[in-house]
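Analysis of the macromolecular model
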Amino acid sequence: MISPHITLEPNHIRLPGLATVHSHAFQRAMRGRVQRPTHKADSFWSWRGAMYQLARAITPDTMYAVARLAYLELALAGVTLVGEFHYLHHDHDGRPYANRTVMAEAVIEAAIDVGVRICLIRTAYLRGGFQQELSPAQKRFSDPSTDSILYDCQTLHSRYANHPLVNFALAAHSIRATPLTAVQELSRWAAQQNLPFHMHLCEQQRELAECRAEYNVTPVQLLADHGLLNERFVAVHATHLSEAEIEQLGQNRSFVCLCRTTERDLGDGLPATSELANAGARLCVGVDSHCSENPFEEIRAVELDERSRLEARMVVGGADFLLDVATRQGYAACGLEHAWLEDQIALDRRGIAFTGLADEHLLDGVIFNASPSTVREVSINGQTIVQDGRHPKQEAIIRDYQLVIDKIF
Ligand SMILES: [Zn+2]
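All figures in this text were calculated on a predicted structure; none of them were measured in a lab.

Here we come to helix α2 (residues 60-76). The end-to-end C-alpha distance of α2, which contains 17 residues, comes to 24 Å, matching closely the 24 Å that a straight helix rising 1.5 Å per residue would cover. Most of α2 sits inside the fold, with 13 of its 17 residues counted as buried.

All right, on to the coordination of the zinc ion then. Donor atoms from the polypeptide that coordinate the zinc ion comprise H22 (NE2), H24 (NE2) and H200 (NE2), at 2.1 to 2.2 Å from the metal. Between the donor residues of the zinc ion, the gaps in sequence give the motif H-x1-H-x175-H. Of this pair, H24 sits in the loop between β3 (18-23) and α1 (44-57) while H200 sits in strand β7 (residues 197-201); the two residues are 176 residues apart in sequence, bridging distant segments of the chain. Of the two residues examined, H24 and H200, each falls in the buried class.

Looking at helix α8 (residues 243-251), one finds that the buried residues are E245, I246, Q248, L249 and G250. Packing partners of the buried residues in α8 comprise α7 (219-225), β8 (233-237), β9 (255-258) and α10 (273-279). Backbone geometry just downstream of α8 places R253 in the positive-phi region, at approximately 55°.

For the structure on display, the rule yields 8 aromatic pairs. Aromatic side chains F26 and Y87 sit 6.0 Å apart centroid to centroid with 75° between the ring planes, which places their arrangement in the edge-to-face category. Of the two residues, F26 sits in the loop between β3 and α1 while Y87 sits in the loop between β4 (79-86) and α3 (102-114), which places them 61 residues apart along the sequence. The same class applies to F26 as to Y87, namely buried. Here the aromatic rings of Y125 and F141 are separated by 5.2 Å at their centres, their planes lie at 70°, and the arrangement is edge-to-face. Of this pair, Y125 sits in the loop between β5 (117-124) and α4 (146-160) while F141 sits in the loop between β5 and α4, and the two are 16 residues apart along the sequence. For F141, a relative accessible area of 0% gives the class buried. It is R206 that lies over the ring of W45; its NZ or CZ is 3.6 Å from the centre. Here the basic side chain of R282 rests over the ring of F255, its NZ or CZ set 3.9 Å away from the ring centre.

Considered as a void within the structure, the largest pocket measures approximately 510 Å³ in volume. F168, N194, L195, P196 and G335 are, among the 25 residues lining the largest pocket, the residues nearest its centre. Listing elements by their share of the lining of the largest pocket, those giving two or more residues are α4, β6 (166-172) and α5 (180-193). Residue composition of the lining of the largest pocket, by class: 13 nonpolar, 7 polar and 5 charged. A volume near 280 Å³ is recorded for the second largest pocket. Lining the second largest pocket are 15 residues, and of these V34, R36, D42, S46 and W47 sit closest to its centre. Examining the composition of the lining of the second largest pocket, we find that 4 residues originate from one element, α1, more than from any other. In terms of residue class, the lining of the second largest pocket is built from 6 nonpolar, 5 polar and 4 charged.

This part covers the pattern of salt bridges. Counted under the stated rule, the structure contains 31 salt bridges. A salt bridge links R14 to E9, with the nearest nitrogen and oxygen atoms 2.7 Å apart. For E9, a relative accessible area of 24% gives the class partly exposed. One connected set of salt bridges, linked through shared partners, spans R260, E263, R264, E297, R300 and D305.

Right, let's get into the nonpolar core. Core analysis: the biggest nonpolar cluster contains 143 residues, and L15, F26, Y71, V116, L170, L249 and L347 have the highest contact counts within it. In terms of residues, this core owes the most to one element, α2, which gives 10 residues. Ignoring sequence-local partners within four residues, the contact set of L15 consists of H5, I6, L323, D343, Q344, I345, L347, L363 and V366.

This next bit is on empty space enclosed by the protein. The tally for this structure, following the rule as stated, stands at 6 cavities of 30 Å³ or more. Taken as a whole, the largest cavity encloses approximately 220 Å³ of empty space. Looking at the largest cavity, it is lined by 22 residues, and the ones nearest its centre are F44, W47, H173, H200 and E203. Looking at which element gives the most residues to the lining of the largest cavity, the answer is α1, with 6 residues.

What follows concerns the pairing of β9. Neither face of β9 is left uncovered, since the one carrying F255 and C257 and the one carrying V256 and L258 both have all their residues buried. Tracing the backbone out of β8, into α8 and back to the parallel element β9 gives a crossover that is right-handed. Sheet topology note: the β9/strand β10 (residues 282-285) ladder contains 4 bridges and is parallel. In the strand pairing of β10, F255 is matched with R282.

Reading the values: the criteria
Residues numbered from 1 in each chain as written. Predicted model: local features only at pLDDT ≥ 70, side-chain atom pairs only at ≥ 80, totals over all residues. Heavy atoms only, no water. Helix = DSSP H or I, 4+ residues; strand = E, 2+ residues; numbered from the N terminus. Expected span 1.5 Å × (residues − 1). Buried < 20%, exposed > 50% of the residue type's maximum accessible area, 1.4 Å probe, protein only. Donors = N, O, S within 2.8 Å, 3.2 Å for Na, K, Ca; no water. Contact = heavy atoms within 4.5 Å. Phe/Tyr/Trp six-rings, centres within 6.5 Å; stacked < 30°, edge-to-face > 60°. Lys NZ or Arg CZ within 6 Å of the ring centre and 35° of its normal. 1 Å grid on protein atoms, 1.4 Å probe; cavity = no way out; pocket = protein on both sides within 12 Å on 5 of 7 lines; lining within 4 Å. Points joined across faces, edges and corners; volume = space filled by probe spheres on them. Nonpolar A, V, L, I, M, F, W, Y, C, P; charged D, E, K, R; others polar. Salt bridge = Lys/Arg side-chain N within 4 Å of Asp/Glu carboxyl O. Core = buried A, V, L, I, M, F, W, Y, C linked by side-chain atoms within 4.5 Å. Right-handed = clockwise from strand over helix to strand, strands pointing away. Pairing = 2+ DSSP bridges.

Have a look at this one:
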């Protein structure tokens, strides 16, 4: 039987819109530029050095152009909601811009211009790490206290409160960049506002070692011990977890956002996805670094990478389950569960990708084989922004991006 949320039309397969819950739009400018050796032992941390170099070159204008290209590419690929984990806030020396929220507004305006929904996840970054000063590059990410972070949230909320494409969430960047006391304070505030609370967690083994050195426990255990896991909590990555931590995320019905194309790119390791799902954690997916812009690959990787880890098949869930991960769960992780059926995409039913598939197998064909080029229409909040596989502003957006990239590199 075909999913109740799929509609078959003579030329189209119509699905709910896809959510990408975790994005850093400016990192789109790195695509294809960080795939050659630079160190004797390249790693996540050497990649991070290259990312910091790029972050130094981003201004509000370049942020807008790069984010507009990233969101255009996502929209053409069937993404209708982007969760933007936004941590590049301030001017080069770390001082706030005259308009403190100009960088956040650059990404919000980029999404509005393309016509995709954005959940701006205002991210706290308070220190370089445990007993570590901020590096010069990190100053742009950082705030002296949680007060200025909450002030910015309120400013943004009042500016965009009535915009149908814009909503907000809060994040602590990571346990290394946000002391526990600040995580507690921000989490409390998010609870009062009923906002989702996101956090990078357990992506790399080094993070676990640093957390043990500071708190004697690993990050998810630390949050569980302090009552910080709940149904609005979104753990991004959650790659290296103990069995107890998997249980804690599950029992609290927290979200786990898997970003498999980026996690593969960065050598992060393989998460225990089926154990997380069986424990009760709610899975969703994210494009993260934009190293690849294929939301269908992010979705199927939830199952396929777990097959590689377990050396077995059918281990997390089938096409219905994975569609739910990419749509309803993703919208819920961005605080938009009520809106998940308001946005739709239509794929080319007659194209070569799905040729020969009986109706009952079409959803399997979509989830396990579709590419962005099969997307023909994208409708968001009642507006069709992609028709016949084209967006009306795509030439202008690509041209503006090229001009900006020529200046950055
Ligand atoms: Zn991230």
